[in-house]
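In case you want the letters, here they are:
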Amino acid sequence: MAIVSIPNAVATSERPAKSRRINRTRLPAALALLPTALIVLVVYIGCMLWTVRLSFTSSTLLPKLDWVGFAQYSRLFMNDRFLVSAENILIFGVLFISGCLILGFLLAVFIDQNVRAEGVFRTIFLYPYSMSFVVTGVAWQWFLNPGLGLEKLVRDMGFESFTFDWLVNQQMAIYTIVIAGLWHGAGLTMAILLAGLRGVDAELWKASRIDGIPVWRVYLSIVLPLLRPMVVTATVLLAVGVVKLYDLVVAMTLGGPGIATEVPAKFVMDHLFERNNIALGTAAATVMLITVVAILAPWVYAKYIRPQGRPA
Amino acid sequence: MTTVIPQGSRPRRLTAGRIGIYAFLITAALFFTLPLWIMIVTSLKPMDEIRLGNILAWPANLTFDAWVKAWSSACTGLECNGISVGFWNSVRILIPSVILSIAAGAINGYALSLWRVRGANLLFGILLLGAFIPYQVFLYPLVRIFSTTGIYNSLLCIIIVHVIFGLPTMTLLFRNYYTGLPIELFKAARIDGGGFWTIFFRVMLPMSTPMIVVAAILQVTGIWNDFIFGLTFAGRENLPMTVQLNNIVHSTQGERAYNVDMAATMLAALVPLVVYFVSGRWFVRGIAAGAVKG
Amino acid sequence: MSLKTRVSAYTLAVALIASTGALAQKAEVLHWWTSAGESASVKVFADQYTKAGGTWVDNAIAGGANARAAGINRIVGGNPPAMMQFNTGKQFDELVTNDLVRDVENKAKAGKWREIMPKPIVEATVRDGKFFAVPINIHGQNWLFYNTKLFKDAGVEPPKTFPELIAAGEKLKANGVIPLALGGQPNWEHNLFRAVLVGNGGADLFRKVYGSRDQKAAKSPEFKEATELFGKMRALVDPGSPGRNWNDAAALVITNKAAMHFNGDWAKGEFTAAGQTAGNEYGCTIVGKEPRIVIGGDVFVFPTTKDKDQLAAQDKLADVLLDPTTQLEFNKKKGSIPVRLDVDVSSMDVCAQKSAAVLKDPANQVEAMELLSTPNFSGAMQDAVTQFWNNPNMSADAFVEKVVAAMQSAS
């Protein structure tokens, strides 16, 4: 997979004269990448192909290698639950990523205002990321439950007509998942963006102050574009979480009320392990995979694969 | 890098704007601490009080029983030794996995960003896509692969699994980090005749501390909280703490002691929490040190 | 790297321990009984096995699906436990067809299992004329638990049929209590539906729907009637139900907030833990035109092995599991009743006694969904039921359509 010969940017100008020597010195780099190449080939590509292959079989509890064509896919696209899952992950993905970026950016900017106890705030915003959802989901579930949490508390204070029943409302339940997701992920985004803010040149602030540009404009029009790499990193990390969204849903709603908060990863998991239906589960996984590739491939290609020069 | 001072506007007097800033931060902090608060007060209440009461209220009968029970006597099957059993297993899994996955990420990131190896970008592209596949899909084929090689259900096995699934993120972070470093450093080292490994150990690695901290924080969190891989690959002798946590929390047909659940969760989260408290500052400083220049 | 050597030294040590351990009839048992009550019951087996000279190595993993996935992975990976739990039913069918679990027919013949166990349980465990698992208990899945005090306050009698139950529910509601406590998770909603279906529609309809997937049965007026009764029960449930754990639902009955709760007999553990006894603070009854009990339970399977010690350990385990005293003690703690109907249950609680008495008549034994249908079809039904339950606007006809679709597509 990793064969040495593409000219490297460092030596581009002197390529003809030095290429042979460089080839030799680049061999260790290729060797260093070899284990990863093997893992990618065997584990990532191997498992992807295996998954795709199984989606064309009638496997139930154990994999078997027969061939049923697209039967599982036609089942899948007739399946209410899968369609709801797909819609939910779209809603969640958009709201969660944009919400984390906005909230994370705001938190980072506000923390960057020379506040007291900065460390305390930072830790408070960041700690949720260190906790697993197995039980923090329960805490959220209680808080959002109309009979136990917020609604009851506000009513007990005397506001009898206060209603907050998103968790048990089919139309709104998915948004409670977004809220808990924001709680979990916004801190990480904040940390990454804060790091970016701290890297902004101090001269910029002096200059903008002298020019009398309002602070919010500087943040929006100058700083934010500078933070692009951080935003991209954060988005990638968050997007990985979106595709794999599972624990949170299981802990908070188990996909309910009804099937209102089902998500694709849960569909896959349930069919692989609970319902002894490997074929349908892998078909769903394949659809997820294709979707992810379709969305990401252009970006990955443009950013990482095509440019043969040194990436900016 | 020591110049990590806030760069924003910097009035010191208590203006309306300052009050607004604090109001926003404190409101946000309340939102973020809410679940933790619920968990803490619940863990300190006896079960009767939990059944009856207000989930936000401070316990009327403060008790630490649940914590003691969660740590040392909650039942997870026949054994009633709490989650302390898995603690050392988790540590044994954590340390080598974190070290090896960071090493792998650093080497990959270095080779990918500064050495032009044919096919490397394709390799990286696939790796990135791989990060988006739900883990569950990998379980069955990986079990088959590991059992043919004879290391299935061992400490080594679970460590390899963590390294494999840490690769995409670790590689991405280090690749971006090294790409952001001034290229002149690398050029100079090359002109001095440094080879691949020499430059890595002498030049790159010493400059990588900030990124290593970030990577370590992410990996410690991810690996410590992992449940499904530990359950599937570690073997009975090495089951991590999260498996016990899950056993306590998710009994299928039995009473759920919420106070013990909450205490167990907080105990299980202790290691990542400590890491965050201790290194939160470096976490931010870490990425600040170089990543934005790209 | 000293780390590497330490790691490999460690794996070696583990391997050594594991291999020497096998000599002392060490039997690793994989199951999902992790709660306090469940732990106490599994301890009965472990102690008896130890007494018989073996060493019980406990491997408990919470959550049936988690435990089964881990166990099946190990069986496929060639590193199986000596014994593994399943629910009575079709969960382990493919392990049998792939020769991954051994038969225990010789034990079954010697112990006359076919005579002492209820027929549905026998049929669920026998493949091609051989027992491939050891059934260990019978759980009744469609019990109604009710709060005696709240019933008395509202002046209602324990309902005998579902229309009666709905009428009683209205009275209870007027009295200011939650008529029916429901764990609002898909599987409990589905469990409630099955209780209505078997109680109001009868055992045959239940078997036709879950067993033979008879689309005519799903389109029958009886099925529709049961569906409509089920739909009416939405009005008896409080709005906080969605997402609730079943034990929190039971707790509502325990704390006099709710009057009724449908569940399997394992729910008794909740009442016992709260210091209540059957017949006093709470009662248990079967609702329906006839007292049909939906029975399921647990079995243990023995993964195939060539290791002589493991085989001997497995044989010993099979004996221990079905010993009459062990059966009684285990089931008292588990909340189920002994799988051997020849065991004297007079020392058990009144619910267990009632259960054993009703089940003496084979006509009252109805196979649970797990025995009748594949996990896949059960799951598809669950999806349909939970959609219907949570959408009051969905008509019974629309539900029937979903059920028919599930019957057609789920393999």
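This structure is a prediction, so every number in the text was calculated from the model and none was measured. Numbers given for residues are sequential positions, taken from 1 along each chain in its written order. Throughout, the order in which chains and ligands are written sets their labels, letters from A for the former and numbers from 1 for the latter. Given that this is a predicted model, residues contribute local features only at a pLDDT of at least 70 and side-chain atom pairs are listed and counted only at 80 or more, while totals for whole chains, interfaces and linings are drawn from all residues.

1. Focus on the overall build of chain C
Consideration 1: Starting at the N terminus, helices and strands are each numbered in turn, a helix being any DSSP run of H or I of at least four residues and a strand any DSSP run of E of at least two. Each helix and strand counted, chain C has 21 helices and 15 strands in total.
Consideration 2: Seen through its C-alpha atoms, chain C measures out along the principal axes to roughly 70 × 55 × 45 Å.
Consideration 3: Counting other C-beta atoms within 10 Å of its own, a residue is labelled buried from 20 upward, exposed at 12 or fewer, and partly exposed in the gap between, with every C-beta atom placed from the backbone. Taking all 411 residues of chain C together, the buried fraction comes to 58%.
Consideration 4: Contacts here follow a simple rule: the backbone-placed C-beta atoms of the two residues must lie within 7 Å. If you take every contact in chain C between residues at least 6 apart in sequence, the share linking residues at least 24 apart comes to 77%.

2. Regarding the overall build of chain B
Consideration 1: A tally of regular secondary structure across chain B gives 14 helices and zero strands.
Consideration 2: Beginning at the N terminus, the succession of helices and strands in chain B can be written as α-α-α-α-α-α-α-α-α-α-α-α-α-α.
Consideration 3: Of all intrachain contacts in chain B linking residues separated by at least 6 positions in sequence, the fraction that spans at least 24 positions is 75%.

3. Quick word on the confidence of the model for chain B
Consideration 1: On a scale of 0 to 100, pLDDT captures the predictor's confidence in every residue. With 90% of its residues at a pLDDT of 70 or more, chain B has an overall mean of 83.
Consideration 2: A low-confidence stretch, residues 289-294 of chain B (pLDDT under 50), is modelled with 23 contacts involving residues beyond four sequence positions or located in other chains.

4. Focus: the environment of Ser378(C)
Consideration 1: Position of Ser378(C) among the secondary structure elements: in helix α20 (residues 375-390).
Consideration 2: Those residues in contact with Ser378(C) that sit more than four places away from it in its chain are Met369(C) and Ser373(C).

5. Regarding the interface of chain B and chain C
Consideration 1: Taken together, the contacts link 30 residues of chain B with 40 residues of chain C.
Consideration 2: Of all the secondary structure elements, the ones that give two or more residues to the side of chain B that touches chain C are α6 (136-149), α7 (155-180), α11 (228-233) and α12 (241-249) of chain B.
Consideration 3: The classification used treats Ala, Val, Leu, Ile, Met, Phe, Trp, Tyr, Cys and Pro as nonpolar, Asp, Glu, Lys and Arg as charged, and all other residues, Gly among them, as polar. Among the residues forming the side of chain B that touches chain C, the class breakdown is eleven nonpolar, 13 polar and six charged.

6. Concerning the pairing of strand β8 (residues 143-147) of chain C
Residues and elements named next belong to chain C.
Consideration 1: Where burial is concerned, most of β8 is hidden: five out of the five residues are buried.
Consideration 2: Residues Trp 143, Phe 145 and Asn 147 point to one face of β8 and Leu 144 and Tyr 146 to the other, with burial holding for every one of them.
Consideration 3: Two strands pair under a simple rule: DSSP has to find at least two bridges between them. Both β8 and strand β10 (residues 258-263) contribute to a ladder of four bridges, which runs antiparallel. Looking at β10, one finds that Leu 144 is bridged to Phe 262.

7. Re the interface of chain B and chain A
Consideration 1: Across the boundary between the two partners, chain B contributes 87 residues, which contact 98 residues of chain A.
Consideration 2: In terms of residue class, the side of chain B that touches chain A is made up of 59 nonpolar, 21 polar and seven charged.

8. Describing the domain arrangement of chain C
Residue and element names in this part refer to chain C.
Consideration 1: For every domain, the bounds stem from an assignment made automatically or drawn from a database. By domain assignment, chain C separates into domain 1 (2-139 + 297-359) and domain 2 (143-291 + 374-409).
Consideration 2: One C-alpha centre belongs to domain 1, the other to domain 2; they are set 31 Å apart.
Consideration 3: Opposite the twelve residues of domain 1 that make contact, domain 2 presents twelve residues.
Consideration 4: Among the elements that line the side of domain 1 that touches domain 2, the one with the most residues is helix α18 (residues 350-359), at five residues.
Consideration 5: Tallied by class, residues from the side of domain 1 that touches domain 2 come to three nonpolar, six polar and three charged.

9. So, the domain arrangement of chain B
All names here are of chain B.
Consideration 1: Entries for chain B in the domain assignment read domain 1 (16-63) and domain 2 (84-293).
Consideration 2: Here the C-alpha centroids of domain 1 and domain 2 sit 32 Å apart.
Consideration 3: Across the boundary between the two partners, domain 1 contributes six residues, which contact seven residues of domain 2.
Consideration 4: Going through the elements one at a time, α1 (16-43) and α2 (47-52) are the ones with two or more residues in the side of domain 1 that touches domain 2.
Consideration 5: Tallying contributions element by element places α1 first for the side of domain 1 that touches domain 2, with three residues.

10. Observations concerning the sheet that holds β10(C)
Through backbone hydrogen bonds, the strands of a sheet pair up, either in parallel or in antiparallel fashion.
All names here are of chain C.
Consideration 1: Taken in spatial order, the four strands of this open sheet run β9-β10-β8-β11, and their pairing is mixed. Looking along the sheet, the strands with just one partner apiece sit at the ends: β9 (178-180) and β11 (282-286). On average, each strand axis in the sheet is tilted by 20° relative to the strand beside it, whichever way the strands run. A fitted line through C-alpha atoms serves as each axis, taken over the contacting stretch for helices, and the angle formed by two N-to-C directions is quoted from 0 to 180°.

11. Description of the nonpolar core
Consideration 1: As used here, a nonpolar core is made of buried Ala, Val, Leu, Ile, Met, Phe, Trp, Tyr and Cys residues. They are joined through C-beta atoms within 7 Å. Counting residues in hydrophobic clusters, the biggest one holds 333 residues, and the most contacted among them are Leu193(A), Ala264(B) and Val301(C).
Consideration 2: For this core, the leading source of residues is α7(B), giving 17 residues.

12. Brief notes about α12(B)
Consideration 1: Of all the nine residues making up α12(B), nine are buried; the element is thus mostly covered by neighbouring parts of the structure.
Consideration 2: Met241(B), Thr242(B), Val243(B), Gln244(B), Leu245(B), Asn246(B), Asn247(B), Ile248(B) and Val249(B) are the residues of α12(B) that are buried.

13. What to know about the UniProt feature "transmembrane region" (unreviewed entry) in chain B
Residue and element names in this part refer to chain B.
Consideration 1: Mapped onto the present numbering, the UniProt feature "transmembrane region" (unreviewed entry) falls on residues 21-40, 93-115, 122-139, 151-174, 195-218 and 262-284.
Consideration 2: Taken as a whole, residues 122-139 contains 72% helix and 0% strand, while its terminal C-alpha atoms sit 25 Å from one another.
Consideration 3: Taken end to end, residues 262-284 is 96% helix and 0% strand, and its first and last C-alpha atoms sit 29 Å apart. UniProt positions are given in the numbering used here, feature names are shortened, and annotations may be inferred rather than shown by experiment.

14. What about the environment of Thr42(B)?
Residue and element names in this part refer to chain B.
Consideration 1: Tracing the backbone through its elements, the reader meets Thr 42 in helix α1.
Consideration 2: A sequence separation of 14 residues divides Thr 42 from Leu 56, and the C-alpha atoms of the two residues are 8.3 Å apart.
Consideration 3: The contact partners of Thr 42, leaving out residues within four places of it in the chain, are Ile 50, Ile 55, Tyr 258, Asn 259 and Met 262.

15. Regarding the sheet that holds strand β7 (residues 137-140) of chain C
Residues and elements named next belong to chain C.
Consideration 1: If you trace the four strands from one edge of the open sheet to the other, you get β14-β7-β12-β15, paired in mixed fashion. Pairing within the sheet leaves two strands with one partner each, and these edge strands are β14 (337-338) and β15 (365-367).
Consideration 2: Sheet topology note: the β7/strand β12 (residues 293-296) ladder contains two bridges and is antiparallel. Note that in β12 the partner of Gly 140 across the bridge is Ile 295.
Consideration 3: In this fold α18 packs onto β7, β12, β14 and β15, with an angle of close to 100° to the strand it touches most, β12.

16. Some details on the environment of Phe64(B)
All names here are of chain B.
Consideration 1: Inspection of the secondary structure assignment puts Phe 64 in the loop between α2 and α3 (65-73).
Consideration 2: When the 10 C-beta atoms within 10 Å are taken as the criterion, Phe 64 is described as exposed.
Consideration 3: C-alpha separation for the pair Phe 64 and Leu 142, spaced 78 residues apart in sequence, amounts to 42 Å.

17. A word on the packing of helix α4 (residues 84-114) of chain B against α12(B)
Residues and elements named next belong to chain B.
Consideration 1: Remark: α4 packs on α12, axes separated minimally by 7 Å, with the N-to-C direction vectors making an angle of 150°. In terms of axis orientation, α4 runs roughly antiparallel to α12. Between α4 and α12, the residues in contact are Val 85, Gly 86, Phe 87, Asn 89 and Ser 90 and Met 241, Val 243 and Gln 244, respectively.
Consideration 2: The residue inventory of the contact of α4 with α12, partitioned by class, reads four nonpolar, four polar and no charged. Working rule for angles: under 35 degrees goes down as roughly parallel, over 145 as roughly antiparallel, 65 to 115 as roughly perpendicular, anything else as oblique.

18. A look at the packing of helix α3 (residues 80-111) of chain A against helix α7 (residues 173-199) of chain A
Between two packed helices, both the angle of their axes relative to each other and the distance between the axes serve to describe the pair.
Residues and elements named next belong to chain A.
Consideration 1: For the pair α3 and α7, interaxial distance at closest approach is 6 Å and the crossing angle is 40°. Viewed along their axes, α3 and α7 adopt a mutual orientation that is oblique. The two elements α3 and α7 cross, and the hand of that crossing is right-handed.
Consideration 2: Residues of the contact of α3 with α7, tallied by class, amount to 20 nonpolar, six polar and no charged. In a left-handed crossing the near helix is turned counterclockwise from the far helix by less than a right angle, and in a right-handed crossing that turn is clockwise.

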